[in-house]
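Commentary on secondary and tertiary structure
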Amino acid sequence: MSVIRKAAAVGGGVIGAGWVARLILNGIDVSIFDPDREAERKVSEVMKNSRRAYKTMVPGGLPQEGKLTFAKTIAEAVAGANFIQESVPERLDLKHKVLAEIDKHAAVDAIIGSSTSGILPSDMQTSMQHPERLVVGHPYNPVYLLPLVEIVGGKLTSPEAIETARELYASIGMKPVVIRKEIEAFVGDRLLEAVWREALWLIKDDITTVEELDDIMRYSFGIRWAQMGMFQVYRVAGGEAGMRHFMAQFGPCLSWPWTKLMDVPELTDELVDKIAAQSDEQAHGLSIRELERIRDDNLVAIMDALSRQNKGKGWGAGALYKDYTKQLSKLAKKPAVSKAAEKAVSSKPKKKKG
């Protein structure tokens, strides 16, 4: 199975920093490039939150952290890395420029993943000399906690690169799902976009408020989705007759005027102000960092609870959480060996036989 020997991150925003945190906390050295003068501070803030969450996940002690280096150029960042994750803003021209630079300097065996939320990998490959090694590796925030990563290959991506990427992401406790066909926004973001559009209409039309809408989600189907997803929940809702009965019973609703999904509300200043004001009120003065810590605590608690279900085997994300925390505990028990010591051992001359 392929493992990450050294990683590089290009882009240190919310997603890029989340990748750095997951990699570092798995004991992997990471070199990051981000031209933002505030990058080091921002990454440091994410690292603080991730360490706090992981100490709750693995109270017996964490693995020795990997070394984090801030590079001055992309070439410096990717040197010696066999796994590179690009997380720059969602502009195709910028992706082209950055991926071409990564491709130019990366090791021949390096896998390049892009965190794009919706750009087709085929569209990003056009600037690369070795496009066969590019995959979309689309994560969910916070990357250091949520395990899913959507892997999408482009027209020029090799099957070997997809399989290697799957193994690399799995090696750091993630749940890789290979998307069968290349499509904009992949799967997760298409579902989120559908819910987001409908939510905007409900706020715009004064049907509900931001806080009320969130309450409707988190006190009902949000909890169900966290442990079973959509289709399995609906199968159970169909009773003993299962999914066929559910679809026969609720299928006609699809033709009823229950949604404005195909219409997109215009994000006028008035609508943006309304949503922002209601969101500020909902936060009750809590800072973004405080909300992030509350979110992390809740996510760990949910996954920990799910890890004890199914006769102790774990269920859904809980089963993976159970395996991942065991993996981290096992890594933590390995004796710490400094990089200098490793180099000294590897360079020590071997004794001749006889």
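Residues numbered from 1 in each chain as written. Predicted model: local features only at pLDDT ≥ 70, side-chain atom pairs only at ≥ 80, totals over all residues. Heavy atoms only, no water.

**What to know about the pattern of salt bridges**
Tallied over the full model, the rule gives 19 salt bridges. Note that D109 and R5 form a salt bridge whose closest N and O atoms lie 3.0 Å from each other. Separated by 104 residues along the polypeptide, D109 in the loop between α4 (92-105) and β5 (111-114) and R5 in the segment before β1 (7-10) bring together distant segments of the chain. One salt bridge in this structure joins E90 and K95, with 3.3 Å as the shortest N-O distance. Classification of E90 by relative accessible area gives partly exposed; the value is 41%. By relative accessible area, K95 is classed as buried at 1%. The network of salt bridges with shared partners includes E45, K48, R289 and E292. (Salt bridge = Lys/Arg side-chain N within 4 Å of Asp/Glu carboxyl O. Helix = DSSP H or I, 4+ residues; strand = E, 2+ residues; numbered from the N terminus. Buried < 20%, exposed > 50% of the residue type's maximum accessible area, 1.4 Å probe, protein only.)

**Observations regarding the packing of aromatic side chains**
Here the distance between the centres and the angle between the planes together describe a pair of aromatic rings. With the rule as written, the count across this model stands at 7 aromatic pairs. Pairing F83 with Y169 gives two aromatic rings, centres 5.4 Å apart and planes at 90 degrees, and the pair type is edge-to-face. Note that F83 is positioned in strand β4 (residues 83-86) and Y169 in helix α6 (residues 159-170), a separation of 86 residues in sequence. Judged by relative accessible area, F83 falls into the buried class, the value being 0%. Judged by relative accessible area, Y169 falls into the buried class, the value being 0%. Centre to centre, the rings of Y234 and F246 are 4.4 Å apart; their planes meet at 20 degrees, and the pair counts as stacked. Taken together, the residues Y234 in helix α10 (residues 231-237) and F246 in helix α11 (residues 243-250) connect sequence positions 12 residues apart. What links up through ring pairs into an aromatic cluster is the set W19, F83 and Y169. One residue, K260, lies across the ring of W201, its end atom 4.3 Å from the ring centre. (Phe/Tyr/Trp six-rings, centres within 6.5 Å; stacked < 30°, edge-to-face > 60°. Lys NZ or Arg CZ within 6 Å of the ring centre and 35° of its normal.)

**What to know about the sheet that holds β4**
Read from one edge of the open sheet, 8 strands run β3-β2-β1-β4-β5-β6-β7-β8, paired in mixed fashion. At either margin of the open sheet sits one strand with a lone partner, and together these are β3 (68-70) and β8 (175-178). If you compare each strand with its neighbour and ignore which way they point, the axes differ by 25 degrees on average. In the sheet, β1 pairs with strand β2 (residues 30-33) via 4 bridges, with the strands oriented parallel. (Pairing = 2+ DSSP bridges. Axes fitted to C-alpha atoms, helices over the stretch in contact; angles between N-to-C directions.)

**Things to note about the UniProt feature "binding site: NAD(+)" (unreviewed entry) in the chain**
With numbering matched to this structure, UniProt assigns "binding site: NAD(+)" (unreviewed entry) to G11, G12, G13, V14, I15 and G16. Among the secondary structure elements, G11 is positioned in the loop between β1 and α1 (14-25). For G11, a relative accessible area of 6% corresponds to the buried category. Each residue touching G11, except ones within four places of it in the same chain, is listed here: G16, I32, F33, D34, S87 and V88. Along the chain, G12 turns up in the loop between β1 and α1. For G12, a relative accessible area of 4% puts it in the buried group. (UniProt positions renumbered as here; feature names shortened; annotations may be inferred. Contact = heavy atoms within 4.5 Å.)

**As for the packing of helix α13 (residues 288-307) against helix α14 (residues 317-333)**
Interaxial distance between α13 and α14 falls to 7 Å at its minimum, and their mutual angle equals 90 degrees. Judged by the inter-axis angle, α13 sits roughly perpendicular to α14. Taken together, the residues of α14 that come into contact with α13 (itself represented by V300, M303, D304, L306 and S307) are A317, G318, Y321 and K322. Split by residue class, the contact of α13 with α14 holds 5 nonpolar, 2 polar and 2 charged. (Parallel < 35°, antiparallel > 145°, perpendicular 65-115°, else oblique. Nonpolar A, V, L, I, M, F, W, Y, C, P; charged D, E, K, R; others polar.)

**Considerations on the side chain of N26**
Tracing the sequence through the fold places N26 in the loop between α1 and β2. When its relative accessible area of 8% is taken as the criterion, N26 is described as buried.

**Side note on the nonpolar core**
If you look at the biggest cluster of nonpolar residues, it comprises 40 residues, and the most contacted ones within it are I4, V20, L23, Y54, M57, L145 and Y169. Those elements that place two or more of their residues in this core are β1, α1, β2, α2 (39-57), β7 (148-153), α6, α13 and α14. The element that contributes the greatest number of residues to this core is α1, accounting for 7 residues. Excluding residues within four positions of it along the chain, L145 makes contact with R22, A53, Y54, M57, D296, L299, V300 and M303. Grouped together as the second largest cluster of nonpolar side chains are 25 residues, A71, A77, L99 and V136 included. (Core = buried A, V, L, I, M, F, W, Y, C linked by side-chain atoms within 4.5 Å.)

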